[in-house]
Amino acid sequence: MKRKIGITLIGMMLICIGAVLYILKQNSFDMVEESIEIPSPQGKLTGTLVLPKKESGKLGLVLFIHGDGPINASHEEGYKPLWEKLAFQGYASLSLNKRGIDGSEGNWLDQSIDDRVEEARQALAWARMQPMIDDTRIGVWGASQAGWVIPKLAGKEPLAFSILVSPAINWLTQGEYNTRGQMAKDGHSEAEISKQIAYERQLKELLKKGASYEEYAAAAHKDDVMSNERWTFVSKNFRADATADLHNFNSPVLLLLGDKDINVDWKETEQVYRKEVNPSSLLSVKVFADTEHSMLTTQTANSEFRALLISLFAPRKITVNGYMEQIAQFLKALP
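Residues numbered from 1 in each chain as written. Predicted model: local features only at pLDDT ≥ 70, side-chain atom pairs only at ≥ 80, totals over all residues. Heavy atoms only, no water.

## What about the sheet that holds strand β8 (residues 283–288)?
- Read from one edge to the other, the open sheet built from eight strands follows the order β1-β2-β4-β3-β5-β6-β7-β8, with strand pairing classed as mixed. Looking at which strands have only one partner, the edges of the open sheet turn out to be β1 (32–38) and β8. Each strand axis lies, on average, 20° off the axis of its neighbour in the sheet, ignoring direction.
- Note: strand β3 (residues 59–65) against strand β5 (residues 133–143), six bridges, orientation parallel. What sits directly across from Phe64, in β5, is Trp141. (Pairing = 2+ DSSP bridges. Helix = DSSP H or I, 4+ residues; strand = E, 2+ residues; numbered from the N terminus. Axes fitted to C-alpha atoms, helices over the stretch in contact; angles between N-to-C directions.)

Right under this line is the structure:
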């Protein structure tokens, strides 16, 4: 009996060791990551430069521009599968820690959209000085809030291409769309949703009149008061609208959307991009079915357990099928 128990325990131990080794292998990416620092008048920026392991000749480069939140350079490892894919395509990737994160100085909540544009320009200037980078093949990838940064950046920098994932058009209408979508998903009634929308519109009026944080806090629901820093951040950026800035694009643009995005009104985004990007031949659009804001299938996004398992055992498959391939095809077709 004891022998059987011992054999069983050894078997279980071997299975566990095998699983750990498999996870480590799956999360080991075929690329070189280098920590970098970029000096700037606003304080140093830290981040990661990713290079192919084997590459002769100069490389193109993709600058990553984050969405909302305290995001580090790798987005908690989430960018790594795409970095590896780009490395296979002969592209380096450059991604910064947001200010106040992992050594980047300052506070990202102090930044306006224009501040983020300037930060991206500082990163591009640094990239152009790197001897392995072909400065005629530098472009950007950006998600969500980057949709307000990249079109402005395109008016100031000679971007070779732009890849935008789930970008919004207008800050205020996007917020209302998100409230409706999230509350409906959570099972709230139309009356409850309408009540919440009316409340949020009152807060928007405070923003428009430049109300202080104290005025906002007095008017907000006590269980739903954002921090002073967040209020300042929103106050600086709530007028953001990408429509006019879409005219700045003069190189190929890839727009990637999910048809189950409850954060951003993807139909509005597609419609406005198709209308405003000129000439229309610059724009390529791909809408992924049954896909949400972060390019995850709804099945994965709605199950933390499923998402964890995929991220551990098959991280290259965490995003919707075809997402990274679409980016690779877009880059391959560039002139």
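## Examining unusual backbone geometry
- Here Asn278 and Pro279 are connected by a cis peptide whose omega angle stands at 0°.
- Within the secondary structure, Pro279 is located in the loop between α9 (266–276) and β8.
- Despite not being glycine, Glu76 shows a phi value in the positive range, around 55°.
- Glu76 gets classed as exposed once you look at its relative accessible area, which sits at 61%.
- Even without being a glycine, Ser166 presents a positive backbone phi close to 55°.
- Relative to the elements of secondary structure, Ser166 occurs in the loop between β6 (162–165) and α5 (171–185).
- Judged by its relative accessible area of 0%, Ser166 falls in the buried class. (Buried < 20%, exposed > 50% of the residue type's maximum accessible area, 1.4 Å probe, protein only.)

## Quick word on the pattern of salt bridges
- Summed over the entire model, instances satisfying the criterion amount to 19 salt bridges.
- The salt bridge partner of Glu176 is Lys204, with a shortest N-O separation of 3.5 Å. Placement of Glu176 in helix α5 and of Lys204 in helix α6 (residues 190–208) is noted, with a sequence separation of 28 residues between them. As far as the burial class goes, Glu176 and Lys204 line up, both buried.
- For Asp259, the salt bridge is made with Lys260, and the minimal N-O distance between the two is 3.7 Å.
- A residue is classified by how much of its surface remains accessible, and Asp259, at 24% relative accessible area, is partly exposed.
- Linked through salt bridges whose partners overlap, the residues forming this network are Glu176, Arg180, Glu190, Arg201 and Lys204. (Salt bridge = Lys/Arg side-chain N within 4 Å of Asp/Glu carboxyl O.)

## A short note on a nonpolar patch on the surface
- A surface patch of nonpolar side chains, about 290 Å² in accessible area, is lined by Phe305, Leu309 and Phe313.
- Residue Leu309 is classed as partly exposed on the basis of its relative accessible area of 34%. (Patch = residues over 30% accessible without salt bridge, like charges linked within 9 Å, V, L, I, M, F, W, Y side chains within 5 Å. Areas by Shrake-Rupley, 256 points an atom, 1.4 Å probe, with all protein chains shown as cover.)

## Quick notes on the side chain of Asn170
- Tracing the sequence through the fold places Asn170 in the loop between β6 and α5.
- Here Leu172 takes part through its backbone nitrogen, which lies 2.9 Å from a polar atom of the side chain of Asn170.
- Among the polar contacts listed, one links the side chain of Asn170 to the side chain of Asp241, at a separation of 2.9 Å.
- Here Asn170 is in contact with Trp148, Ala240 and Asp241, once residues within four sequence places are set aside. (Polar contact = N/O pair within 3.5 Å; in protein donor to acceptor, adjacent residues only side chain to side chain. Contact = heavy atoms within 4.5 Å.)

## Quick look at the packing of helix α3 (residues 113–128) against helix α4 (residues 146–154)
- The contact between α3 and α4 brings their axes to 9 Å, and the two run at 60°. As far as their axial angle goes, α4 and α3 are oblique. Here α3 and α4 pass one another in a crossing that is right-handed. Touching Ile113, Asp114, Arg116, Val117, Ala120, Arg121 and Leu124 of α3 are Trp148, Val149, Lys152 and Leu153, all from α4.
- Considered class by class, the residues forming the contact of α3 with α4 number seven nonpolar, no polar and four charged. (Parallel < 35°, antiparallel > 145°, perpendicular 65-115°, else oblique. Left-handed = near helix turned anticlockwise from the far one by under 90°. Nonpolar A, V, L, I, M, F, W, Y, C, P; charged D, E, K, R; others polar.)

## Concerning the side chain of Ser104
- By secondary structure assignment, the location of Ser104 is in the loop between β4 (91–96) and α3.
- Excluding residues within four positions of it along the chain, Ser104 makes contact with Lys44, Leu45, Thr46, Asn97, Lys98 and Arg99.

## A few points about the nonpolar core
- Within the largest apolar cluster, 62 residues are counted, with the highest numbers of intra-cluster contacts made by Leu61, Leu63, Ile65, Leu94, Phe249 and Tyr273.
- For this core, the element with the most residues is α3, which contributes seven residues.
- If sequence neighbours within four positions are ignored, Leu63 has contacts with Leu94, Ala120, Ala123, Leu124, Gly139, Val140 and Trp141.
- Counting residues in hydrophobic clusters, the runner-up holds 27 residues, among them Val50, Phe64, Tyr323 and Leu334. (Core = buried A, V, L, I, M, F, W, Y, C linked by side-chain atoms within 4.5 Å.)

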